[in-house]
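The chain contents come next:
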Amino acid sequence: MFELYLDTADLGQIARFGASLPVRGITTNPSILAKANSGLAELLPKVAEVLGKEARIHVQVVSESADAMVKEALSLQELPYDIVVKVPATETGLTAIRQMKARNIPVLATAIYSVQQGFLAALCGADYLAPYVNRIDAIGANGVGVVADLQHLLDRHHLASKLLPASFKNTQQVLEVLKAGVASITLPADIAAELFAHPSVEPAVNRFSQDWQAVFGQTLSFES
């Protein structure tokens, strides 16, 4: 089943989109938490209150050695929430991912900039892979192409990892990765809002109201 995440720690935005969309949970990283000035002890119970106890929350390790990453992941797993541990897909990170998966810890391999990097993370057992679509574009490569090629390799080699693309600048990028067949996605609040925005929608809705009120006034549909 497709999984939709919000790439934010802003509780107002989480509540906003959690009310209108089937949000599976949120993705965070050290920069997002620092920007929100919110540690996990404060954030996690509030997210669970807004999205429900079943909300899945992706939390990135901040340790730098593989052993320390694993210890941090074990501590995160002791918390009473559905936590997926995010690990940068570096050589050190892949070492940590293999050790975490040996302990059945859910893992997201993050900071993926190439197909090869993501494929190796999948071979190491990562449950989710997070290619940075717009950041890949920003260095002169093709973010959507990386996602499509990586999805092709996952399908071709029957690997269980789910793509969870991140880093979007516009809704066209979102559409293109969805067309590639990804199993999940994480959106910043502004891009999520743009998915609703089309210049023709509001005039159409207003016309419906005007036509109805011209004949029926403030009468509701079931009263007409």
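### Some thoughts on the pattern of salt bridges
Here is step 1: By the definition in use, this model includes 7 salt bridges.
Here is step 2: Across the pair D82 and R56 runs a salt bridge, and its minimum N-O distance is 3.0 Å. Of this pair, D82 sits in strand β4 (residues 82–88) while R56 sits in strand β3 (residues 56–60), placing them 26 residues apart in sequence.
Here is step 3: One salt bridge connects E176 with K179, and the closest N-O pair in it is separated by 3.5 Å. In this pair, E176 and K179 both sit in helix α9 (residues 171–179), 3 residues apart, roughly one turn of the helix.
Here is step 4: Note on K179: relative accessible area 60%, which makes it exposed.
Here is step 5: Three or more residues joined by partner-sharing salt bridges are found here, namely R24, R56 and D82.

### Section: helix α10 (residues 189–196)
Here is step 1: Within the span of α10, buried status applies to A189, I191 and A192. For α10, the arc enclosing every buried residue in end-on projection is 165 degrees, short of the 170-degree limit, so these residues lie on one face.
Here is step 2: Looking at the packing, one finds that the buried side of α10 touches β1 (3–6), α1 (11–20), α9 and β8 (184–187).

### Digging into the pairing of strand β5 (residues 107–112)
Here is step 1: Buried residues dominate β5, accounting for 5 of its 6 residues.
Here is step 2: The β-α-β motif built from β4, the intervening helix α5 (residues 91–102) and the parallel element β5 has right-handed crossover chirality.
Here is step 3: Sheet topology note: the β5/strand β6 (residues 128–131) ladder contains 3 bridges and is parallel. Note on β6: the bridge partner recorded for L108 is Y128.
Here is step 4: Following the backbone out of β5, through helix α6 (residues 115–123) and into the adjacent parallel β6, one traces a crossover that is right-handed.

### A few points about the packing of α6 against helix α8 (residues 143–156)
Here is step 1: Packing of α6 against α8 leaves a shortest axis separation of 9 Å and a crossing angle of 35 degrees. As α6 runs across α8, the sense of the crossing is right-handed. Of the residues in α8, those touching α6 at V115, G118, F119 and A122 are V146, D149, L150, L153 and L154.
Here is step 2: Partitioned by chemical class, the residues of the contact of α6 with α8 number 7 nonpolar, 1 polar and 1 charged.

Cut-offs and rules
- Residues numbered from 1 in each chain as written.
- Predicted model: local features only at pLDDT ≥ 70, side-chain atom pairs only at ≥ 80, totals over all residues.
- Heavy atoms only, no water.
- Salt bridge = Lys/Arg side-chain N within 4 Å of Asp/Glu carboxyl O.
- Helix = DSSP H or I, 4+ residues; strand = E, 2+ residues; numbered from the N terminus.
- Buried < 20%, exposed > 50% of the residue type's maximum accessible area, 1.4 Å probe, protein only.
- Arc of directions from axis to C-beta.
- Contact = heavy atoms within 4.5 Å.
- Right-handed = clockwise from strand over helix to strand, strands pointing away.
- Pairing = 2+ DSSP bridges.
- Axes fitted to C-alpha atoms, helices over the stretch in contact; angles between N-to-C directions.
- Left-handed = near helix turned anticlockwise from the far one by under 90°.
- Nonpolar A, V, L, I, M, F, W, Y, C, P; charged D, E, K, R; others polar.

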